[in-house]
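Descriptive analysis of the structure
One letter stands for each residue in the lines below.
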Amino acid sequence: MREAMVSDITASRIRLGRRDVLSRLLERCESLTAVPALAAIAALLALSWAVAYVTGGSERAFTHLFYAPIVMASLPFRLVGTLLTSVAAAVLAGPLLPLNSVLGEAQPASTWITRAVMFAAVGTVVALALEGRRRAESRRLAEELRHTFAAPRATPVDDVLVPLVADVLAHRRLRTLYQPIYALSTGSLLAVEALTRFDTEPMRSPDLWFAAAREAGLGTELELAAIESAIMHARSLPEDVELSINASPTTMADPRMRALLTDARRRITVEVTEHVSVVDYEDFARTIELLRTEGVRIAVDDAGAGVASLRHIVHIAPNVIKLDISLTQGVSASPLRLALATSLIEFAQQTGAQLLVEGVEDAADLRAWARLGAHGVQGFLVGRPSVLPVPISSSRIVHQAAALLRAESRRRVPSA
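For every chain, the first residue of its written sequence is number 1, and the numbers climb from 1 along that sequence. In view of the model being predicted, local features appear only for residues whose pLDDT reaches at least 70, and side-chain atom pairs are presented and counted only at 80 or more, with totals across whole chains, interfaces and linings using the full set of residues. Water and hydrogen atoms play no part in the side-chain values, which are based on all heavy atoms of the structure.

**Description of the overall build of the chain**
Defined as follows: The helix and strand labels rest on DSSP assignments: H or I over at least four residues marks a helix, E over at least two residues marks a strand, and numbering proceeds from the N terminus. Burial classification: accessible surface area is computed with a 1.4 Å probe over protein chains only, and a residue below 20% of its type maximum counts as buried, one above 50% as exposed, and the rest as partly exposed. Any two residues whose heavy atoms approach within 4.5 Å are treated as being in contact. Using the Shrake-Rupley algorithm and a 1.4 Å probe, accessible areas are obtained, with residue cover drawn only from the displayed protein chains.
Helices and strands together make up the secondary structure of the chain, namely 17 helices and eight strands. Per-residue burial for the chain yields a buried fraction of 44% across its 416 residues. Pairs at least 24 apart in sequence give 70% of the contacts found in the chain among residues at least 6 apart. Surface exposure of the chain reaches about 21400 Å², of which carbon and sulfur atoms provide 60%.

Spelled out as structure tokens, the structure:
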């Protein structure tokens with residue numbers, strides 16, 4: 001299965017990948033089927049012979065044109081095709097090509113035999129070099145594939161935190177920060193994601209506190225407390241800006257959560273987290289439908305980070321797909337990430353879902369996702385988590401959108 005996926009990704013690289021003309025030409029030659037490839041090689045051989053003959057014969061340097069079909073044969077047919085083409089070129093450029101076409105003088109045998117050896121040697125070197133390149137790219141793609149689809153590690157439980165969770169809940173020792181999500185086409189504020197921070201000793205990351213709460217049997221209670229805080233402090237948020245909150249499938253099924261969302265009286269998106277796995281998708285689907293009847297939108301978080309998130313996308317038809325940082329960073333430099341990202345964008349467009357990219361910290365990634373057609377972006381580059389209010393637009397995205405529009409206009413205007 002892995003080899004088939006690598007093969008599919010390599011094929012998609014032909015459509016998505018490199019921008020220089022030579023690389024695109026080589027990739028198209030590699031993708032030719034047998035009949036068109038044989039026809040093209042035969043045409044190049046005939047053309048090379050005709051040019052060499054018309055220009056005076058083999059004493060001219062135009063016999064070097066035969067290297068074109070030899071190199072081309074190495075792309076779809078590899079070493080065997082290269083050697084066979086080298087033999088055909090040697091015959092055409094040897095016994096069938098006079099030394100001087102005007103005088104009809106034949107070539108010495110030593111001359112065309114030497115040329116035949118050179119044809120075969122150069123063709124072999126080219127074929128072996130291209131084969132090494134293919135193998136190196138396959139190894140790199142296989143390594144990226146293993147890295148991207150590796151099973152996510154479970155958050156470890158910090159035993160020090162477990163007995164402290166009850167006190168955190170009792171005294172609400174948590175606060176909410178909001179990270180903006182901006183439209184990639186306009187830079188306008190689409191939503192904010194509510195992120196929980198804990199103000200108590202020992203200082204630990206939020207995922208460790210939530211893992212400790214689950215260990216203490218208080219996972220749902222802590223998630224509900226975080227959601228209540230997020231809604232309460234988001235009252236100043238403009239009505240057209242969505243509030244995005246995180247919840248596990250277990251918490252989403254709790255009636256207390258539905259009550260919180262109903263009382264919020266604002267646009268809310270619930271991001272499905274993977275801290276607790278989905279055992280029964282039929283029950284989970286019913287939970288989601290109940291939330292949707294309340295006007296809640298559903299998002300799959302960390303899409304592309306593993307098989308589980310892709311399974312969520314298939315089973316629950318989310319309104320929003322949020323791509324994981326493992327896909328969003330360095331996307332233009334990775335054929336695997338580019339192929340997966342493009343497939344997910346096409347899926348989102350066909351299903352009417354929004355596709356948001358998380359963790360964008362580099363301007364090159366921001367430009368790449370804008371060109372690919374992602375709907376929104378979230379990351380330190382455009383906005384860090386903070387208290388409300390957050391900027392209603394991103395100046396960086398606005399300037400980038402204007403620059404991309406100018407570049408597109410220049411491409412469309414014909415040169416004088």
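**Looking at the pattern of salt bridges**
Under the convention used in this document: Salt bridge criterion: a side-chain nitrogen from Lys or Arg within 4 Å of a carboxyl oxygen from Asp or Glu.
The full count for this structure, using the stated rule, is 14 salt bridges. The salt bridge partner of E221 is R256, with a shortest N-O separation of 3.4 Å. Of the two residues, E221 is situated in helix α9 (residues 219-232) and R256 in helix α11 (residues 255-264); the sequence distance between them amounts to 35 residues. The partner of K322 in a salt bridge is E271, with the nearest N and O atoms 2.8 Å apart.

**Details of the nonpolar core**
The condition that has to hold: To define a nonpolar core, start from buried Ala, Val, Leu, Ile, Met, Phe, Trp, Tyr and Cys residues and group those joined through side-chain atoms within 4.5 Å.
Residues L243, I245, M252, V270 and W369 are the most contacted members of the largest nonpolar core, which totals 59 residues. Here this core gets seven residues from one element, more than from any other, and that element is helix α15 (residues 335-351). Counting 15 residues, the second largest nonpolar core, distinct from the first, contains L161, V162, F198 and L208.

**Observations regarding the confidence of the model for the chain**
How we decide: Scored between 0 and 100, pLDDT is the confidence that the predictor attaches to each residue.
Summing up the model confidence of the chain, the mean pLDDT is 83 and the portion of residues at 70 or higher is 83%. Taken as a whole, residues 1-20 scores under 50 in pLDDT and shows 33 contacts with residues more than four places along the chain or in a different chain.

**What about the sheet that holds strand β6 (residues 320-323)?**
Keep this limit in mind: One requirement defines pairing of two strands: DSSP has to find at least two bridges between them. Whenever a helix is involved, its axis is fitted only over the stretch in contact; in every case the axis is a line through C-alpha atoms, and angles between N-to-C directions fall within 0 to 180 degrees.
Overall, mixed pairing links the eight strands, which are arranged β1-β2-β3-β4-β5-β6-β7-β8 in a closed barrel. Across four bridges, the pairing between strand β4 (residues 268-272) and strand β5 (residues 297-303) is parallel. From the neighbouring strand, E271 faces β5, where its bridge partner is A299. The sheet strands contacting α9 are β1 (174-183), β2 (189-198), β3 (242-247) and β4, and the helix crosses β1 at an angle near 65°.

**Quick look at the packing of aromatic side chains**
For any pair of aromatic rings, the description consists of the separation of the ring centres together with the inter-plane angle of the planes. Selection criterion: When the centres of two rings from Phe, Tyr and Trp lie within 6.5 Å, Trp using its six-membered ring, the rings pair. Their planes under 30 degrees apart give stacked, over 60 give edge-to-face, and anything left gives tilted. Each ring is checked for a lysine NZ or an arginine CZ that lies within 6 Å of its centre and within 35 degrees of its normal; such an atom marks a charge sitting over the ring.
Scanning the model with the defined rule gives five aromatic pairs in all. Their ring planes at 90° and their centres at 5.1 Å tell us that Y67 and F119 sit as a pair that is edge-to-face. In this pair, Y67 is assigned in helix α4 (residues 67-74) and F119 in helix α6 (residues 109-148), connecting sequence segments 52 residues apart. Accessibility assignment for this pair places Y67 and F119 in one class, buried. Between F198 and F210, the ring centres sit 5.7 Å apart and the planes meet at 75°, which makes this aromatic pair edge-to-face. Taken together, the residues span a long stretch of sequence, with F198 in strand β2 and F210 in helix α8 (residues 206-215) at a distance of twelve residues. Accessibility classification places F198 together with F210 in one group, the buried group. Ring pairs connect the aromatic residues F66, Y67 and F119, which therefore count as one cluster. The ring of F380 carries the charged tip of R384 above its face, separated from the ring centre by 4.1 Å.

**Topic: a nonpolar patch on the surface**
The line we're drawing: Within the patch definition used here, like charges are joined within 9 Å and nonpolar side chains (Val, Leu, Ile, Met, Phe, Trp, Tyr) within 5 Å, considering only residues with over 30% relative accessible area and no salt bridge.
Together, L79, L83 and L128 make up a nonpolar patch on the protein surface, roughly 240 Å² of accessible area in all. Relative to the helices and strands, L83 is located in helix α5 (residues 78-93). According to the relative accessible area criterion, L83 is partly exposed, its value standing at 35%.

**Examining α8**
Taken as a whole, α8 has its buried residues at L208, W209, F210, A211, A212 and A213. The positive-phi residue at the C-terminal boundary of α8 is G217, with phi of around 75°.

**Brief notes about the pairing of β3**
Most of β3 sits inside the fold, with five of its six residues counted as buried. Note that β2 and β3 share three bridges and pair parallel. Residue pairing for β3: V192 is matched across the bridge by L243. Where β3 lies against β4, five bridges are found, and the strand directions are parallel. Paired with A247 across the bridge in β4 is V272.

**Some remarks on the environment of A213**
You can see A213 is positioned in helix α8. When its relative accessible area of 0% is taken as the criterion, A213 is described as buried. Once the C-alpha coordinates of A213 and V162 are considered, the two residues, 51 residues apart in sequence, prove to be 6.3 Å apart. A213 has contacts with V165, L218, G219 and L222, leaving out every residue within four places of it along the chain.

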